[in-house]
Amino acid sequence: MPVAASAIYFLNLRGDVLINRTYRDDVGGNMVDAFRTHIMQTKELGNCPVRQIGGCSFVYMRISNVYIVIVVSSNANVACAFKFVVEAVALFKSYFGGAFDEDAIRNNFVLIYELLDEIMDFGYPQNLSPEILKLYITQEGVRSPFSSKPKDKPVPNATLQVTGAVGWRREGLSYKKNEVFLDIVESVNLLMSSKGNVLRCDVTGKVLMKCFLSGMPDLKLGLNDKIGLEKESEMKSRPAKSGKTIELDDVTFHQCVNLTRFNSEKTVSFVPPDGEFELMKYRITEGVNLPFRVLPTINELGRTRMEVNVKVKSVFGAKMFALGVVVKIPVPKQTAKTNFQVTTGRAKYNPSIDCLVWKIRKFPGQTESTLSAEIELISTMGEKKSWTRPPIQMEFQVPMFTASGLRVRFLKVWEKSGYNTVEWVRYITKAGSYEIRC
């Protein structure tokens, strides 16, 4: 397994070493001189954050007025190294009251050395959670006088939190009303031809949760994904129910999800963190339900006139509606005058982006709207360059609709005290890169 760091250095902008820690003996103590000579003095800091000098890899990042440099002599896990730096800086900020700069480092030498010993062992990152580390490293950092961040409250039961599998949630939480909010938020990415043929289409989605639950609850989430439904029918020895199933691609989970149970049962089981967090992310490339279809017609009438007709059809259910619909229709740079006619909403010409901007506040489902425009162009004496016709772009948000068809089949909450919970589920589809060629 590739290591993340053999040594770590904290340098100021002049290249002076503020603090360093060596985790493995495969790099020399003078390696920072190579970084200072070959990278800092040659002004190549902004070119590439990963460099190889003398058989060693240098991974570095600038935070405020401090350079954090990781040195590795063997095969390095660069992504892990960068993730370690980001998480370490967040940890330091939580101790220093939100500030991380040269002064904060100089004021907290002892604390930083203690943290560096805990968060990495022999080049491999360990636990970097501020909530966990503050349970047994109780020393408070010297806070910046400009920081208004309140001090974190101490958390009980350090042993259970550090050694157990639920390090992201503390014990003793209690709420008068136990609620769970779940949002499925999707972004549709589309490239469509002028004739309405789909050239590229996919959906990226994420499941966001906000939990206000007492105790240590165990949640189980069921979706209408194909693998999960097939596994459930197999375990119950009966055929799967008819209905649309979804094939999820590139699924990633929050650390709270029990992956062993997911691999065996194909259900998402987890003990949730308190408050808001992202449970999972996914991507879908097949069976996408497009919320809108756009049919553009652009006619160039000689050198000085154009006619533009754009028809937008909503494909989602008649009882639903889209909010904040914006259609950006590109026009040539030499546009001088425009006349509009729209069946819904408002339109205007925006010369800063060379587009006709058509805004519809609320777009009902199973309806269509049309924009017609006459455009006068400035006549030029020189040879006319052909207009490249950039694609039409759309922005929108459709509540209670998912382009992937993903649905929550069940959301179960179990806690030993047996309290009642209220579950709220919401679906939102937004435009990612929604483009239609003219």
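Residues numbered from 1 in each chain as written. Predicted model: local features only at pLDDT ≥ 70, side-chain atom pairs only at ≥ 80, totals over all residues. Heavy atoms only, no water.

You'll find the protein chain entered in an unreviewed UniProt entry as MHD domain-containing protein, with Brassica campestris given as the organism. Per UniProt, the protein chain carries the Sequence similarities (unreviewed entry) text "Belongs to the adaptor complexes medium subunit family." (UniProt positions renumbered as here; feature names shortened; annotations may be inferred.)

I tried to follow the nonpolar core on my own but got confused; where do I start?
Soluble globular proteins tend to pack their nonpolar side chains together in the buried interior. Counting residues in each nonpolar core, the largest one holds 64 residues, and the members touching the most others are Met-209, Phe-270, Leu-279, Phe-292 and Tyr-434. Composition of this core by domain shows at least three residues from each of domain 2 (179–287 + 404–430) and domain 3 (292–378 + 388–399). Counting 37 residues, the second-largest nonpolar core is a separate cluster that includes Val-3, Phe-84, Phe-100 and Met-120. (Core = buried A, V, L, I, M, F, W, Y, C linked by side-chain atoms within 4.5 Å. Buried < 20%, exposed > 50% of the residue type's maximum accessible area, 1.4 Å probe, protein only. Domains from an automatic or database assignment.)

Can you walk me through the pattern of salt bridges in this structure?
All told, the structure shown has 15 salt bridges when counted by the stated rule. Between Asp-26 and Arg-24 there is a salt bridge whose closest N-O contact spans 3.7 Å. What makes Arg-24 buried here is its relative accessible area of 15%. Arg-106 is paired through a salt bridge with Glu-102; the nearest N and O atoms lie 2.9 Å apart. Taken together, the positions of Arg-106 and Glu-102, both in helix H3 (residues 102–107) and four residues apart, correspond to about one turn of that helix. Taking the relative accessible area as the measure of exposure, Arg-106 reaches 40% and is therefore partly exposed. (Salt bridge = Lys/Arg side-chain N within 4 Å of Asp/Glu carboxyl O. Helix = DSSP H or I, 4+ residues; strand = E, 2+ residues; numbered from the N terminus.)

Help me understand helix H1 (residues 31–40), please; the structure alone is not making it clear to me.
Count 3.6 residues to each turn of an α-helix, and residues three or four apart come out pointing the same way. Where burial is concerned, most of H1 is hidden: seven out of the ten residues are buried. Listing the buried residues of H1 in full gives Met-31, Val-32, Ala-34, Phe-35, Arg-36, Ile-39 and Met-40. Along its buried surface, H1 packs onto strand E1 (7–12), strand E2 (17–22), strand E3 (50–53), strand E4 (56–63) and strand E5 (66–72). (Contact = heavy atoms within 4.5 Å.)

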